[in-house]
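Coordinate inspection notes
Letter by letter, the chains look like this.
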Amino acid sequence: MKHLRFLNKYFYKYKWWIIPGIFFVIISNIFGVVPAQVIGHAFNLITENIQIYHLFAGFERQSIIYSLFSYSLFYFGAIVLVLYLIRGLFLFFMRQTIILMSRHIEFDMKNAIYAHYQKLSLGFYRRNNTGDLMNRATEDVNRVRMYVGPAIMYTINTAVLFLLIISSMYSVNATLATFCLLPLPVLVVTIYFVNTLINKKSEEIQQQLSRLSSFVQERFSGIRVIKSYVREDHTKKVFAGESEAYKKNSMGLVKVQAFFYPTMLLLVGLSTILTVYIGGKQVISGSITAGNIAEFIVYVNQLTFPVTMLGWVTTLIQRAAASQKRINEFLELKPDIVSGTMELKSFEGNIRFDQVSFTYPDTGITALKNVSFEIKKGQFAAIIGRTGSGKSTLANLMMRMYDVDSGNITIDRHPIKNLQLGPYRNQIGFVPQEVFLFSDTIKNNIAFGLDQVEQQEVEMAARNAAVYQNIINFDLKFETMLGERGITLSGGQKQRVSIARALIKEPGILIFDDCLSAVDTKTEEEILGNLGRIMKGKTSILIAHRISTIKNADVIIVLEDGQIIEQGTHQELLELNGSYKEMYQNQLLEEESTTATEL
Ligand SMILES: Nc1ncnc2c1ncn2[C@@H]1O[C@H](COP(=O)(O)OP(=O)(O)OP(=O)(O)O)[C@@H](O)[C@H]1O
């Protein structure tokens with residue numbers, strides 16, 4: 001329950017919703033209780049006057065008594081109707097304040113969670129799966145909303161109604177009131193237990209449902225693999241198995257519910273029978289009127305709904321507390337990467353690594369060991385090495401996606417940690433190894449890093465990335481939609497759109513993480529030629545596997561197992577006669593053998 005204290009600030013913020021809300025609950029309940037008394041009076045009117053009416057049988061006066069009688073009943077009916085209408089109006093206001101407040105809190109919380117997620121670093125996203133992140137921002141917030149809205153509303157409602165009804169009952173007759181209320185504790189306890197059971201079963205169903213939807217989602221994403229391995233029948237069987245478990249759980253829940261409602265009605269019926277029996281005795285002894293019995297029956301029925309709600313409300317509160325705990329766990333997390341305060345006035349693009357070591361915190365893999373190098377402003381640097389040697393890690397550290405374990409990284413002679421993070425990252429044009437394009441138009445994908453953009457700039461970036469011709473061949477050109485609702489680009493086209501996205505920023509440092517792998521050599525040359533022109537005087541870093549891509553670099557860094565083993569220009573490295581030369585010769589041999597087979 002202590003986790004729900006977090007929500008108090010929202011109650012305070014929306015105090016002018018909740019205070020009137022409580023007021024409306026009280027008024028609506030008063031107008032809900034008074035009709036019972038009017039019904040009691042109407043009942044008394046009937047029992048007292050019916051004999052008089054029969055006494056005048058055969059006389060002309062009987063019709064006058066009849067019209068008086070029916071006029072009074074109509075009058076009582078009208079009063080009850082008006083009272084219920086007023087109650088209805090206040091119920092409307094009650095929902096318009098409390099439930100509306102809950103929607104505002106839901107909105108605020110979702111925004112706060114999303115904003116907080118944005119601040120957390122890459123490591124956080126690696127540690128937590130997407131499903132969990134989504135659930136906390138949607139399902140958990142929804143459960144909390146059920147607490148700040150319906151649960152609070154029904155709790156206040158039940159408390160007020162209980163107070164009003166019980167005091168009205170006792171003001172009429174204490175004995176009858178006590179007997180009427182006797183079955184209620186049994187009802188409350190039964191509801192509590194059955195509700196716990198229902199809750200447990202619902203949770204199981206919910207879990208099974210998420211298992212089922214994750215299964216379906218994954219199989220839809222991997223439909224190509226399923227079809228090519230002819231695993232349709234197998235997946236069908238697994239799906240049927242999961243569905244069967246879901247069906248079984250649901251049927252279990254239906255059974256409990258089927259048992260619950262009749263039991264509840266039985267207990268309410270028992271209350272009514274007791275009211276009639278004990279009430280009848282009291283009428284005979286003259287302590288109450290027959291109208292009071294009618295009044296009590298209305299009270300008992302009015303109590304039924306709030307009592308059944310009690311169990312439900314308890315569940316809502318328990319669930320909300322569990323959800324709020326999960327939400328708080330994330331909200332209390334501090335970002336691993338904290339922005340520095342130093343403003344980079346004139347950005348040059350000098351990068352220096354000094355004895356840098358880094359271990360990924362989540363896997364414990366040491367990706368870099370004592371790495372030192374310097375890339376000067378305007379240089380074209382290349383990083384090469386076997387897969388898993390730490391190339392992408394270098395790029396991650398340059399962008400300060402992670403902080404180093406030991407050693408220093410300096411940018412323009414300032415420790416990277418001192419720089420303001422946003423403006424610094426804005427200076428970098430990064431093209432990741434795994435291209436990610438949003439389900440949006442090509443234009444918006446290219447212009448992603450900028451707030452405002454001209455069509456000409458987008459076209460120029462596309463030209464420089466050698467993808468312009470491909471784009472204008474689509475019917476909608478730059479307005480072509482990508483992703484689920486749009487077209488699918490080829491691997492090479494995706495890479496080039498991603499390159500255009502980095503180039504349009506006119507960055508101070510450009511980092512290409514092996515993003516030319518799906519591009520043919522001719523297009524690669526064209527892109528590299530364009531880069532030479534655009535990045536003149538600026539720093540470019542190319543991570544690559546093909547030596548042909550990087551042989552013109554000013555400096556080539558050769559990584560192996562997280563360490564720099566060789567460093568220099570293409571010529572210098574060849575002269576070293578080491579790993580680089582071996583790699584180069586192997587690649588030359590591969591090229592020769594492919595050309596030979598092609599011939
Ligand atoms: N986010 C991560 N969390 C944990 N370990 C990681 C992460 N990224 C990479 N690693 C590990 O760090 C090591 C270096 O990986 P890195 O991606 O830097 O290599 P790479 O040289 O870029 O490889 P490739 O050429 O295959 O892209 C690998 O052993 C890898 O398993």
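Residues numbered from 1 in each chain as written. Predicted model: local features only at pLDDT ≥ 70, side-chain atom pairs only at ≥ 80, totals over all residues.

A closer look at helix α12 (residues 391-398)
Spacing of three or four residues puts side chains on the same side of an α-helix, whose turn is 3.6 residues. Counted only if it meets this: The burial label depends on the number of other C-beta atoms within 10 Å of a residue's C-beta. Counts of 20 or more mean buried, 12 or fewer mean exposed, and intermediate counts mean partly exposed, with C-beta atoms placed from the backbone. Secondary structure elements are taken from DSSP: a helix is a run of H or I of four residues or more, a strand is a run of E of two residues or more, and numbering for both begins at the N terminus.
Burial of α12 is extensive: seven of the eight residues sit out of reach of the surface. Among the residues of α12, Lys 391, Thr 393, Leu 394, Ala 395, Asn 396, Leu 397 and Met 398 are the ones counted as buried.

Some points on the UniProt feature "domain: ABC transmembrane type-1" (unreviewed entry) in the protein chain
Applicable threshold: UniProt positions are given in the numbering used here, feature names are shortened, and annotations may be inferred rather than shown by experiment.
Under the local residue numbering, the UniProt record ascribes the feature "domain: ABC transmembrane type-1" (unreviewed entry) to residues 21-319. The span residues 21-319 shows a helical share of 93% and a strand share of 0%, and its end C-alpha atoms are spaced 23 Å apart.

A closer look at the site of the ligand
Which entries qualify depends on this criterion: Nearness here has a simple definition: the residue's C-beta atom, placed using the backbone, must lie within 6 Å of the molecule or strand.
For the ligand, the set of nearby residues contains 16 residues, the closest of which are Tyr 360, Thr 387, Lys 391, Ser 392 and Thr 393. Of the residues forming the shell around the ligand, the biggest block, three residues, is contributed by α12.

Regarding the domain arrangement of the protein chain
Quick reminder of the rule: As annotated, the domain borders come from an automatic or database domain assignment. C-beta atoms are placed from the backbone for every residue, and two residues are taken to be in contact when these atoms lie within 7 Å. Under the convention adopted here, Pro, Cys and the residues Ala, Val, Leu, Ile, Met, Phe, Trp and Tyr are nonpolar, Asp, Glu, Lys and Arg are charged, and Gly plus all remaining residues are polar.
Partitioning the protein chain into domains gives domain 1 (1-173) and domain 2 (351-572). Each of domain 1 and domain 2 was reduced to a C-alpha centroid, and the two centroids are 59 Å apart. The interface of domain 1 with domain 2 comprises five residues on the first partner and four residues on the second. Class assignment of the residues belonging to the side of domain 1 that touches domain 2 gives a composition of one nonpolar, two polar and two charged.

Observations regarding unusual backbone geometry
The phi dihedral of Asn 370 falls on the positive side, at around 45°, and the residue is not glycine. Examined against the element boundaries, Asn 370 turns out to sit in strand β2 (residues 366-375). Unlike most non-glycine residues, Asp 561 shows phi in positive territory, near 50°. Looking at where Asp 561 falls in the secondary structure, it is placed in the loop between β9 (555-560) and β10 (563-568).

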